[in-house]
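Results of the structural survey
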Amino acid sequence: MEAGALVIIFALLMLFAFLGLGAWATTKAVGAAKRSVDRTITQARRTVEDTTLKAKSLGQIGVTASLAQLRLDLRTSMRATQQALQDGVRSDPSLKESIGLFERLSAHGRELDDELRRLEQEPDRKRTAEMLPELRERAAKIKQSADSLRWAARERARRFSADELSSLSDQIEVESGALRDWSRAPADDLAAAAAAWDAAQTPPGAAPGRGAQAEPGPAALKPSAPAPSYPWQKTPRPEATT
């Protein structure tokens, strides 16, 4: 009975664990889908706003066109700088400090963009026209700072790429030289190596160059030495002659 209860409890725990895991996975999937949708909506909104600003800057004149052109230039510069820094920090972590500075600059850029958007709806065009010089100056400062960060990041990436290419070329030249030396080993070196191998195989006292050869046996015509005689042996009887 107790064993059955333990099995049931274990099965319930496993069921709850799978349910919890499934709920967590579902939450993660929903969150990822929501972030993807949000990014898509934000990108679409930006595209629509940029298209509208281009239309205003080209199709209208006066204050409205100036405000639209200021917003368009500011947004284009900030977006290009943000993309350059995000791409560069993947291979150069030192750009994190530059990203921090850009985030502070972005706060001023968003503030100016919001102000320009509100002024587009301002009915007092005369008052808005009087504000244009100051607005242009602010936009120019923000744009100049963003451009400076963007070009510095790009120049840094090009310099790192050039240094890496130069180092790689030097290594390849060294490796290529080593490969060429190995591929044309001189015949003298090969002969010396063969002679050294033969010398290592020749036993002491043997003629050089003949390797391990068997010692020559006794000559065929050389008489053999008489066998030794001992006192306890009988004297051999001479054979009878007829």
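This one's a predicted model, so the numbers in the text were calculated from it and none came from an experiment.

**Looking at the overall build of the protein chain**
Within the protein chain, the secondary structure is distributed over five helices and zero strands. In the protein chain, the succession of helices and strands from N to C terminus is α-α-α-α-α. With 242 residues in all, the protein chain has 19% of them scored as buried. A fraction of 65% describes how many contacts in the protein chain between residues 6 or more apart in sequence connect residues 24 or more apart.

**A word on the side chain of Thr 128**
Mapping Thr 128 onto the fold places it in helix α4 (residues 125–183). Residue contacts for Thr 128: discarding those within four places in its chain leaves Val 63, Leu 67, Leu 119 and Glu 122.

**A short note on the packing of helix α2 (residues 63–89) against helix α3 (residues 96–120)**
Interaxial distance between α2 and α3 falls to 10 Å at its minimum, and their mutual angle equals 160°. One way to sum up the angle between α2 and α3 is to call them roughly antiparallel. α3 is crossed by α2, and the crossing has left-handed handedness. The residue makeup of the contact of α2 with α3, split by class, is 13 nonpolar, five polar and six charged.

**Details of the pattern of salt bridges**
Tallied over the full model, the rule gives 13 salt bridges. Salt-bridge contacts for Arg 75 lead to Asp 113; the nearest nitrogen and oxygen are separated by 3.6 Å. Highlighted residues: Arg 75 in helix α2 and Asp 113 in helix α3, separated in sequence by 38 residues. For Arg 75, a relative accessible area of 12% puts it in the buried group. On the basis of relative accessible area, Asp 113 is assigned to the buried category, the value being 7%. For Glu 134, the salt bridge is made with Arg 138, and the minimal N-O distance between the two is 3.9 Å. Note that Glu 134 and Arg 138 are positioned in helix α4 at a spacing of four residues, about one turn of the helix. On the basis of relative accessibility, which here comes to 23%, the residue Arg 138 falls in the partly exposed class. Connected via shared salt-bridge partners are Arg 71, Arg 75, Asp 113, Asp 114, Arg 117 and Glu 120.

**Considering the packing of aromatic side chains**
Summed over all chains, the structure comprises zero aromatic pairs. The side chain of Arg 154 reaches across the aromatic face of Trp 151, ending 5.2 Å from its centre.

**Looking at the nonpolar core**
If you look at the biggest cluster of nonpolar residues, it comprises 19 residues, and the most contacted ones within it are Leu 67, Leu 70, Met 78, Leu 112, Leu 116, Leu 135 and Ile 142. The element contributing the most residues to this core is α4, with seven residues. Not counting chain neighbours up to four residues away, the residues in contact with Leu 135 comprise Leu 67, Leu 70, Leu 112, Glu 115, Leu 116 and Leu 119.

**Points about α3**
Given a rise of 1.5 Å per residue, 25 residues ought to cover 36 Å, and the 35 Å separating the end C-alpha atoms of α3 matches this to within 8%. Of all the positions in α3, only Ser 98, Phe 102, Leu 105, Ser 106, Gly 109, Leu 112, Asp 113, Glu 115, Leu 116, Leu 119 and Glu 120 are classed as buried.

**Thoughts on the confidence of the model for the protein chain**
Counting all residues, the mean pLDDT for the protein chain is 76, and 62% of those residues have values of 70 or more. The least confident element of the protein chain, judged by mean pLDDT, is helix α1 (residues 2–59) at 67; the most confident is α3 at 93. Below pLDDT 50 for its whole length, residues 209–214 participates in seven contacts with residues either more than four positions away or in separate chains.

**A look at a nonpolar patch on the surface**
Taken together, Ile 8, Leu 12, Leu 15, Phe 16 and Leu 19 make up a surface patch of nonpolar side chains, about 510 Å² in accessible area. If you trace the backbone, Phe 16 turns up in helix α1. For Phe 16, a relative accessible area of 52% corresponds to the exposed category.

What counts and how
Residues numbered from 1 in each chain as written. Predicted model: local features only at pLDDT ≥ 70, side-chain atom pairs only at ≥ 80, totals over all residues. Heavy atoms only, no water. Helix = DSSP H or I, 4+ residues; strand = E, 2+ residues; numbered from the N terminus. Buried < 20%, exposed > 50% of the residue type's maximum accessible area, 1.4 Å probe, protein only. Contact = heavy atoms within 4.5 Å. Axes fitted to C-alpha atoms, helices over the stretch in contact; angles between N-to-C directions. Parallel < 35°, antiparallel > 145°, perpendicular 65-115°, else oblique. Left-handed = near helix turned anticlockwise from the far one by under 90°. Nonpolar A, V, L, I, M, F, W, Y, C, P; charged D, E, K, R; others polar. Salt bridge = Lys/Arg side-chain N within 4 Å of Asp/Glu carboxyl O. Phe/Tyr/Trp six-rings, centres within 6.5 Å; stacked < 30°, edge-to-face > 60°. Lys NZ or Arg CZ within 6 Å of the ring centre and 35° of its normal. Core = buried A, V, L, I, M, F, W, Y, C linked by side-chain atoms within 4.5 Å. Expected span 1.5 Å × (residues − 1). pLDDT = per-residue confidence, 0-100. Patch = residues over 30% accessible without salt bridge, like charges linked within 9 Å, V, L, I, M, F, W, Y side chains within 5 Å. Areas by Shrake-Rupley, 256 points an atom, 1.4 Å probe, with all protein chains shown as cover.

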